[in-house]
Amino acid sequence: MQTNWPKISIVTPVFNAGPFIEAAIKSVLNQNYPSLEYIIIDGGSTDGSVEIIRKYAKHLAYWVSEPDKGQTEALNKGFRRASGVLRGWLNADEEYLPGALRCVGEEYMTFKDLELIYGDRYIEDLRVSPSRRFLEKIPSSIKPFAYMLYTGRTLSSDSTFWSKEIHNLLGVLDERYERYAMDVEWLLRVVGAAKKWKHVGRPLSVFKSHELNVTKEGVKKGIRLNEIIRRQYASNNNIPIMRLVLGWLWYSTKVRIWEKGVFGIFIPPRWDTFARLFFHK
């Protein structure tokens, strides 16, 4: 019996990602997902990335190589061409795990009208030899909106998918944040808008940690921007300070218990984290 798999649109932004891009492309195409729309937007690479993309051109719904303003503009260009009922993006230095897209498609068909589907991921540290891989899990017992707003943490863009309706509602990714926090800003809006979601309870992707994407300067800038984004979201949506305080206490405690077990309740809360998230200018 033929299954009407939901079309999934994946966008990959690329710029001089020669060491990684082929593995990313293969991880998408080797999913053998029956209804895939794969779009690659290259920013004018000069390191051989374009030649690699061209090898797989016949399997792509669309690709282009031209100068752009960065990753966020590339994603917006790609999503403007997307037609899938589900959307997601995979950076050039990330990979989907086998069966990831079928898992997402099955969840969408089983739980009707899902607006958000997300899972866990592996982080592979390429800065050590041999590289180490560890599992980064997201608690399924905490609503994704509460997890992102109150605890200061975030879903993983490489293991998160949202509906066409949510994308149309939210418009475009904010190009002001570009490389360091555009994913947090976008996903916070997604989880704030999505009413029906599903955590699949398994890793869907691999994020590769390397010198180019995990510089000390980049980490510091990303943390600072994440704090600004959450404060701005709370302000824009008229979320009162008391709700933020109570939400932070409750959900931060739940995360500590989830990570450390029952003894996590005795770990004192990080008041400095809360102060940075909602009070520091």
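Keep in mind the model is a prediction, meaning the values are calculated, not measured.

(A) Highlighting the packing of aromatic side chains. One pass over the full model with this rule turns up 8 aromatic pairs. One aromatic cluster is present, formed by F79, W89, W162 and W186 through successive ring pairs. Lying across the ring of F207, R121 places its NZ or CZ 4.6 Å from the centre. Its guanidinium or amino end placed over the ring of Y122, R133 lies 5.4 Å from that ring's centre, counting from NZ or CZ.

(B) Summary view of the side chain of D120. Residue position: D120 is located in strand β6 (residues 116–125). The buried charged residue D120 lacks any salt bridge partner; its closest oppositely charged side chain belongs to K137, at an N-O distance of 5.1 Å. Setting aside residues no more than four positions away along its own chain, D120 makes contact with L135, E136, K137, I138, S159, H199, G201, R202, P203, L204 and S205.

(C) Inspection of the pattern of salt bridges at higher detail. Counted according to the given criterion, the structure contains 12 salt bridges. Here E136 and R121 are joined by a salt bridge, their closest N and O atoms 2.6 Å apart. Residue E136 is located in strand β7 (residues 132–136), and its partner R121 is located in strand β6; the two are separated by 15 residues in the primary sequence. You can call E136 partly exposed: its relative accessible area is 29%. Linking E185 and R189 is a salt bridge whose minimum nitrogen-to-oxygen distance equals 2.8 Å. A residue pair is termed a helical-turn pair when its members lie 3 or 4 positions apart in one helix, as E185 and R189 do in helix α7 (residues 178–193) at 4 residues. Among the residues examined, R189 registers a relative accessible area of 18% and is labelled buried.

(D) Up close: the nonpolar core. The biggest cluster of nonpolar side chains holds 43 residues, and the ones touching the most others in it are F79, W89, M148, L149, L155, W162 and W186. Within the residue set of this core, elements represented by two or more residues are β2 (36–42), α3 (71–80), β6, α5 (144–151), α6 (164–170), α7, α8 (216–236) and α9 (241–260). Per-element accounting of this core gives the leading share, 9 residues, to α7. Of all hydrophobic cores here, the second largest spans 31 residues; its members include I25, Y33, I52 and A100.

(E) Local environment of unusual backbone geometry. Backbone geometry at N16 places phi at a positive 50 degrees, although glycine is not the residue there. Within the secondary structure, N16 is located in the loop between β1 (8–14) and α1 (21–29). Looking at N16, the relative accessible area reads 30%, which means it is partly exposed. You will see that N32, though not glycine, has its phi angle at about 50 degrees, which is positive.

(F) Expanded view of α1. Those residues of α1 lying buried are I21, A24, I25, S27, V28 and L29. Elements that come into contact with the buried residues of α1 comprise β1, β2, α2 (49–55) and β5 (94–96).

(G) Expanded view of the environment of H210. Checked against the element boundaries, H210 lands in the loop between β9 (197–209) and α8. Note on H210: relative accessible area 9%, which makes it buried. With sequence-adjacent residues up to four places away left out, H210 is seen in contact with F20, D93, L126 and R127. Among the polar contacts made by the side chain of H210, one reaches the side chain of D93 at a distance of 2.8 Å.

(H) Structural detail: a nonpolar patch on the surface. A contiguous nonpolar surface patch, about 290 Å² in accessible area, is contributed by M242, L246 and L249. Examined against the element boundaries, L246 turns out to sit in helix α9.

(I) Representation of the environment of A193 within the structure. Inspection of the secondary structure puts A193 in helix α7. For the pair A193 and G18, spaced 175 residues apart in sequence, the C-alpha separation works out to 36 Å. When near neighbours in sequence (up to four residues on either side) are disregarded, A193 contacts E115, I166, L169 and L170.

Rules used in this analysis
- Residues numbered from 1 in each chain as written.
- Predicted model: local features only at pLDDT ≥ 70, side-chain atom pairs only at ≥ 80, totals over all residues.
- Heavy atoms only, no water.
- Phe/Tyr/Trp six-rings, centres within 6.5 Å; stacked < 30°, edge-to-face > 60°.
- Lys NZ or Arg CZ within 6 Å of the ring centre and 35° of its normal.
- Helix = DSSP H or I, 4+ residues; strand = E, 2+ residues; numbered from the N terminus.
- Buried < 20%, exposed > 50% of the residue type's maximum accessible area, 1.4 Å probe, protein only.
- Lys, Arg positive; Asp, Glu negative; His and termini not counted.
- Salt bridge = Lys/Arg side-chain N within 4 Å of Asp/Glu carboxyl O.
- Contact = heavy atoms within 4.5 Å.
- Core = buried A, V, L, I, M, F, W, Y, C linked by side-chain atoms within 4.5 Å.
- Polar contact = N/O pair within 3.5 Å; in protein donor to acceptor, adjacent residues only side chain to side chain.
- Patch = residues over 30% accessible without salt bridge, like charges linked within 9 Å, V, L, I, M, F, W, Y side chains within 5 Å.
- Areas by Shrake-Rupley, 256 points an atom, 1.4 Å probe, with all protein chains shown as cover.

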